[in-house]
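Summary of structural features
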Amino acid sequence: MVLSDRDIKAALEAGSIRIQPLVPENIQPASVDVRLGSNFRIFRNSSHAFIDPLESQPGLTEAIDAPEGEAFILQPGQFALGTTLERIALPDDILGKLEGKSTLGRLGLMIHSTAGYVDPGWEGEITLELSNVATLPIVLHPGMRIGQMSFERMSSPVERPYGSAGLGSHYQGQSGASPAHALN
């Protein structure tokens, strides 16, 4: 069951869902708008001939921080990692789903390729998979509303929340745009 704005507010007040910093005006009828952080990662095409998902490839991406008041320009066809400004924590009986804002999608910006699903037990900033499928550069301003997170209540609490021992939860507690870990 998707949580309504009333249920989201109740979960926030009870502390079962935590969003920091929270802008109350960003609570929508069935979601909470999240904003773009200032940390990005871009691929270093000049130093890597290919990407191997089964191998650790240090230096595959490089971190870029947009200085306060400045923007990040995402070129046509470019893929970069970004992050939410908000840090989000979910209990063991609620999952999150992140989607892009429709206005941005209509401009050619996709905010996730596959990682729109946020497991029960998750805690951290969410890494965004930013793609520009438009034919013009897109200006991304840190602090702008970039996506919306909806929440669904599980039929029962999960046995092993994200971050539990043995799950290999590589991204638990992440801050900033986090590069990929090897799949092995």
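Residues numbered from 1 in each chain as written. Predicted model: local features only at pLDDT ≥ 70, side-chain atom pairs only at ≥ 80, totals over all residues. Heavy atoms only, no water.

1. A look at the overall build of the protein
Scanning the protein from N- to C-terminus turns up 2 helices and 12 strands. The linear arrangement of helices and strands in the protein, starting from the amino end, is α-β-β-β-β-β-β-β-α-β-β-β-β-β. Over its C-alpha atoms the protein spans a radius of gyration of 17 Å, differing by no more than 12% from the 16 Å that the globule rule assigns to 184 residues. Taking the principal axes of its C-alpha atoms as reference, the protein extends roughly 50 × 40 × 25 Å. Restricting the contact set of the protein to residue pairs at least 6 apart, pairs at least 24 apart contribute 75%. Accessible surface computed for the protein: about 10000 Å², of which carbon and sulfur atoms make up 53%. The centroid of the 13 positive side-chain charges in the protein is displaced by 4 Å from the centroid of its 21 negative side-chain charges. (Helix = DSSP H or I, 4+ residues; strand = E, 2+ residues; numbered from the N terminus. Rg over C-alpha atoms; globule rule 2.2 N^0.38 Å. Contact = heavy atoms within 4.5 Å. Areas by Shrake-Rupley, 256 points an atom, 1.4 Å probe, with all protein chains shown as cover. Lys, Arg positive; Asp, Glu negative; His and termini not counted. Charge placed at Lys NZ, Arg CZ, Asp CG, Glu CD.)

2. Regarding the UniProt feature "active site" (unreviewed entry) in the protein
The feature "active site" (unreviewed entry), as annotated in UniProt, sits at Glu129 in this numbering. Considering the arrangement of structural elements, one finds Glu129 in strand β10 (residues 123–132). (UniProt positions renumbered as here; feature names shortened; annotations may be inferred.)

3. Concerning the pattern of salt bridges
Summed over all chains, the structure comprises 7 salt bridges. Taking the shortest distance from any N to any O, the salt bridge between Asp33 and Arg145 comes out at 2.9 Å. Residue Asp33 is located in strand β2 (residues 32–35), and its partner Arg145 is located in strand β12 (residues 145–153); the two are separated by 112 residues in the primary sequence. On the basis of relative accessibility, which here comes to 2%, the residue Asp33 falls in the buried class. (Salt bridge = Lys/Arg side-chain N within 4 Å of Asp/Glu carboxyl O. Buried < 20%, exposed > 50% of the residue type's maximum accessible area, 1.4 Å probe, protein only.)

4. Brief notes about the environment of Ile73
Checked against the element boundaries, Ile73 lands in strand β5 (residues 72–74). For Ile73, a relative accessible area of 38% translates into the label partly exposed. A C-alpha to C-alpha distance of 30 Å links Ile73 and Phe151, two positions 78 residues apart in sequence. Contact partners of Ile73, with chain neighbours within four places excluded, come to Gln78, Pro137, Ile138 and Val139.

5. Comments concerning the environment of Pro157
Relative to the assigned elements, Pro157 resides in the segment after β12. Taking the C-alpha atoms as reference points, Pro157 and Ile94, separated by 63 residues in sequence, lie 7.9 Å from one another. Not counting chain neighbours up to four residues away, the residues in contact with Pro157 comprise Asp92 and Asp93.

6. So, the packing of aromatic side chains
In the structure shown here, the tally under the stated rule is 3 aromatic pairs. The interplanar angle of 35° and the centroid separation of 5.9 Å between the aromatic rings of Phe43 and Phe79 together place this pair among those described as tilted. Taken together, the residues Phe43 in strand β3 (residues 39–43) and Phe79 in strand β6 (residues 79–89) connect sequence positions 36 residues apart. The exposure class of Phe43 is partly exposed, given its relative accessible area of 27%. Ring centres of Trp122 and Tyr162 lie 5.5 Å apart, and the angle between their planes is 55°; this geometry places the pair in the tilted category. Of this pair, Trp122 sits in the loop between β9 (117–118) and β10 while Tyr162 sits in the segment after β12, and the two are 40 residues apart along the sequence. (Phe/Tyr/Trp six-rings, centres within 6.5 Å; stacked < 30°, edge-to-face > 60°.)

7. With respect to the side chain of Glu86
Mapped onto the secondary structure, Glu86 falls in strand β6. A distance of 2.6 Å separates polar atoms of two side chains, one belonging to Glu86 and the other to Arg35. Ignoring anything within four residues of it in the chain, the contact list for Glu86 reads Ile19, Gln20, Pro21, Asp33, Val34, Arg35, Gly124, Glu125 and Ile126. (Polar contact = N/O pair within 3.5 Å; in protein donor to acceptor, adjacent residues only side chain to side chain.)

8. Quick look at the nonpolar core
If you look at the biggest cluster of nonpolar residues, it comprises 35 residues, and the most contacted ones within it are Ile17, Leu109, Leu140, Ile146, Met149 and Phe151. Leaving out residues up to four positions away in the same chain, Ile146 has contacts with Val34, Arg35, Leu36, Gly100, Lys101, Leu104, Leu109, Ile111, Leu128 and Leu140. (Core = buried A, V, L, I, M, F, W, Y, C linked by side-chain atoms within 4.5 Å.)

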